[in-house]
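# Inside the fold
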Amino acid sequence: PAFDVQAATSQTISSNTNTKVIFDQENLDTDNDFASSRFTASVAGFYVFHGSTGGAARNGYIAIWLKKNGSTDYYMVDSSNHNGSYTEQGTKVLYLNANDYVELWINMASGRTLAHNNTNSSTRFSGFRIIT
């Protein structure tokens, strides 16, 4: 299984608020395991996940993490400060049982709108199972 999705419409992120990132454009979903902004494993195994966001000048920290099964947090990025345009991205390897799911979450010191347009780098989420 492999997937690659992006935010194609705007999403407002409030300051200092944990927010699930909404992904509404699928570029790749080999096993139809991605829906409602979450990846649900149809096959157990180790998976590599990558998440990214970016945009125009802003100040403050950015944290990006995976939430597994709605409760367990796995941080990918926890940066301290930005004074200009930024791109934040991170990668995490996790073991998933069949029917485990992951979602990408974000928290920003000063809120902003995430989008895939001229003023924001692409907000993306991708992953694939490692063949062992």
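So, here's what we can say about the structure. (Residues numbered from 1 in each chain as written. Predicted model: local features only at pLDDT ≥ 70, side-chain atom pairs only at ≥ 80, totals over all residues. Heavy atoms only, no water.)

For the structure shown, the criterion picks out twelve aromatic pairs. Arranged with centres 6.0 Å apart and planes meeting at 15 degrees, the rings of Tyr 47 and Phe 49 form a pair that is stacked. When its relative accessible area of 0% is taken as the criterion, Phe 49 is described as buried. Taking the centre distance of 5.2 Å and the plane angle of 35 degrees together, the rings of Trp 65 and Tyr 75 count as tilted. Of this pair, Trp 65 sits in strand E8 (residues 62-68) while Tyr 75 sits in strand E9 (residues 72-79); the two residues are ten residues apart in sequence, bridging distant segments of the chain. Looking at Trp 65, the relative accessible area reads 1%, which means it is buried. Through a chain of ring-to-ring contacts, three or more aromatic side chains come together here, namely Phe 3, Phe 23, Phe 34, Phe 39, Tyr 47, Phe 49 and Phe 125. (Phe/Tyr/Trp six-rings, centres within 6.5 Å; stacked < 30°, edge-to-face > 60°. Buried < 20%, exposed > 50% of the residue type's maximum accessible area, 1.4 Å probe, protein only. Helix = DSSP H or I, 4+ residues; strand = E, 2+ residues; numbered from the N terminus.)

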